[in-house]
Amino acid sequence: MIITIASFKGGVGKSTTALHLAVYLQSKADTLLVDGDLNRSALDWASRGALPVKVVDEKQGVKFARQFEHIVIDTPARPDPEDLKTIAEGCDLLVLPTSPDALAIRATLQMVDALHSLQSNYKILLTVIPPKPNRSGSEARLAIQKAGLPIFQGGIRRLAVFQKAALEGISVGQVNDPYSKAAWQCYQQVGREILP
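Here is what the cut-offs are and how they apply
Residues numbered from 1 in each chain as written. Predicted model: local features only at pLDDT ≥ 70, side-chain atom pairs only at ≥ 80, totals over all residues. Heavy atoms only, no water. Helix = DSSP H or I, 4+ residues; strand = E, 2+ residues; numbered from the N terminus. Rg over C-alpha atoms; globule rule 2.2 N^0.38 Å. Buried < 20%, exposed > 50% of the residue type's maximum accessible area, 1.4 Å probe, protein only. Contact = heavy atoms within 4.5 Å. Areas by Shrake-Rupley, 256 points an atom, 1.4 Å probe, with all protein chains shown as cover. Core = buried A, V, L, I, M, F, W, Y, C linked by side-chain atoms within 4.5 Å. Pairing = 2+ DSSP bridges. Right-handed = clockwise from strand over helix to strand, strands pointing away. Lys, Arg positive; Asp, Glu negative; His and termini not counted. Salt bridge = Lys/Arg side-chain N within 4 Å of Asp/Glu carboxyl O. UniProt positions renumbered as here; feature names shortened; annotations may be inferred. Axes fitted to C-alpha atoms, helices over the stretch in contact; angles between N-to-C directions. Parallel < 35°, antiparallel > 145°, perpendicular 65-115°, else oblique. Left-handed = near helix turned anticlockwise from the far one by under 90°. Nonpolar A, V, L, I, M, F, W, Y, C, P; charged D, E, K, R; others polar.

Notes on the overall build of the protein chain
Next up, step 1: The number of helices and strands found in the protein chain is eight helices and six strands.
Next up, step 2: Along the protein chain, from the amino end to the carboxyl end, the secondary structure elements read β-α-β-α-β-α-β-α-β-α-β-α-α-α.
Next up, step 3: Against the globule reference of 16 Å for 196 residues, the protein chain gives a C-alpha radius of gyration of 16 Å, in line with a compact fold.
Next up, step 4: With the C-alpha coordinates of the protein chain rotated into their principal frame, the extents come out at 40 × 40 × 30 Å.
Next up, step 5: A buried classification covers 51% of the 196 residues belonging to the protein chain.
Next up, step 6: Long-range contacts, defined here as pairs at least 24 residues apart, represent 73% of the contacts in the protein chain between residues at least 6 apart.
Next up, step 7: Carbon and sulfur atoms provide 52% of the accessible area of the protein chain, an area that totals close to 9,700 Å².

Points about the nonpolar core
Next up, step 1: With 35 residues, the main nonpolar core has Ile3, Leu33, Val72 and Val95 as its most contacted residues.
Next up, step 2: Residue assignment for this core shows that the elements contributing at least two residues are strand E1 (2-5), helix H1 (14-26), helix H2 (41-47), strand E5 (93-98), helix H7 (161-168) and helix H8 (180-194).
Next up, step 3: Broken down by element, the residue count for this core peaks at seven residues, all from H1.
Next up, step 4: Sequence-distant contacts of isoleucine 3, defined by excluding residues within four places in its chain, comprise Leu25, Ile71, Val72, Ile73, Leu93, Val95 and Ile194.
Next up, step 5: Counting 22 residues, the second largest nonpolar core, distinct from the first, contains Ala6, Cys91, Leu115 and Ile151.

Comments concerning the pairing of E1
Next up, step 1: One ladder, built from four bridges, connects E1 with strand E4 (residues 70-74); its direction is parallel. What sits directly across from isoleucine 5, in E4, is aspartate 74.
Next up, step 2: In this structure, E1 lies alongside E5, joined through three bridges in parallel fashion. Bridging across to E5, isoleucine 3 finds its partner in leucine 93.

Structural notes on the environment of glutamine 185
Next up, step 1: Considering the arrangement of structural elements, one finds glutamine 185 in helix H8.
Next up, step 2: For glutamine 185 and threonine 108, which are 77 residues apart along the polypeptide, the C-alpha to C-alpha distance reads 24 Å.

A short note on the pairing of E5
Next up, step 1: Counting buried positions along E5 gives six out of six residues, so the element sits mostly inside the fold.
Next up, step 2: Here E5 shows a buried face lined by Leu93, Val95 and Pro97 and a second buried face lined by Leu94, Leu96 and Thr98.
Next up, step 3: Bridging between E5 and strand E6 (residues 122-126) involves five bridges; their strand directions are parallel. When the sheet's bridge partners are listed, threonine 98 is paired in E6 with leucine 126.
Next up, step 4: Following the backbone out of E5, through helix H5 (residues 102-115) and into the adjacent parallel E6, one traces a crossover that is right-handed.

Brief notes about the side chain of arginine 141
Next up, step 1: Along the polypeptide, arginine 141 turns up in helix H6 (residues 136-146).
Next up, step 2: For the buried arginine 141, which has no salt bridge, the nearest side chain bearing the opposite charge is glutamate 193, at an N-O separation of 7.0 Å.
Next up, step 3: The contacts of arginine 141, once residues within four sequence positions are left out, are Leu126, Ile151, Phe152, Gln153, Gly154 and Gly155.

Some words on the UniProt feature "domain: CobQ/CobB/MinD/ParA nucleotide binding" (unreviewed entry) in the protein chain
Next up, step 1: Mapped onto this numbering, the UniProt entry annotates "domain: CobQ/CobB/MinD/ParA nucleotide binding" (unreviewed entry) at residues 3-171.
Next up, step 2: Overall, residues 3-171 shows 41% helix and 17% strand. The separation of its end C-alpha atoms is 18 Å.

Some points on the sheet that holds strand E2 (residues 31-35)
One key point about sheets: their strands pair by backbone hydrogen bonds, in either a parallel or an antiparallel sense.
Next up, step 1: An order of E3-E2-E4-E1-E5-E6 is seen for the six strands of this open sheet, with the pairing classed as parallel. In this open sheet, the two strands that pair with only one neighbour each are strand E3 (54-57) and E6. Looking at each pair of strands side by side, their axes are set apart by 25° on average, direction ignored.
Next up, step 2: Both E2 and E4 contribute to a ladder of five bridges, which runs parallel.

Considerations on the packing of H1 against H8
Next up, step 1: Between H1 and H8, the shortest axis-to-axis distance is 9 Å and the interhelical angle comes to 70°. As judged from the angle between their axes, H1 and H8 are roughly perpendicular. Between H1 and H8 lies a crossing of right-handed hand. Residues Thr16, Thr17, His20, Leu21, Val23 and Tyr24 of H1 pack against Trp184, Tyr187, Gln188, Val190, Gly191, Arg192 and Ile194 of H8.
Next up, step 2: Here the residues of the contact of H1 with H8 are counted per class, giving seven nonpolar, five polar and one charged.

Structure below.
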């Protein structure tokens, strides 16, 4: 299975999502994480610690792809129309992470509009969801559902433990923190929606 993570807006947890979905899929079968983002966030994350998944850049991805059952691809932010076409047609599932703020939702809807002319299997993932009593997460979910767009049932909470994981070079489930388990459960729930 090839899963690609793409977004028209930065700061929505695209690389974090790519990394943690790869870690989830690794628990099912050998998984390769291809870091195609110009910032090389996943490679930087991996260089700091010990991730349970192999991380390579897009050039190395070609070499290693045949050795893995699943491939997760982190893409550059804001792909142009031609790149978006290649991204959409080259994967089994396109995951569109978005935070629940108005600018991110607007960028996601622009990406969805661009995808309508393509043959693409995509699903929106709400990320960086603020804690209650803030209702922006539930309001964003409702708006996306009312628009008839595919959205994951699970969502990713805004938790500081994700930054700890990046600094330590490990997945959020490996961090020694009281919120580690809750953060990892967010991605496990989404992972089970992709591959039970």
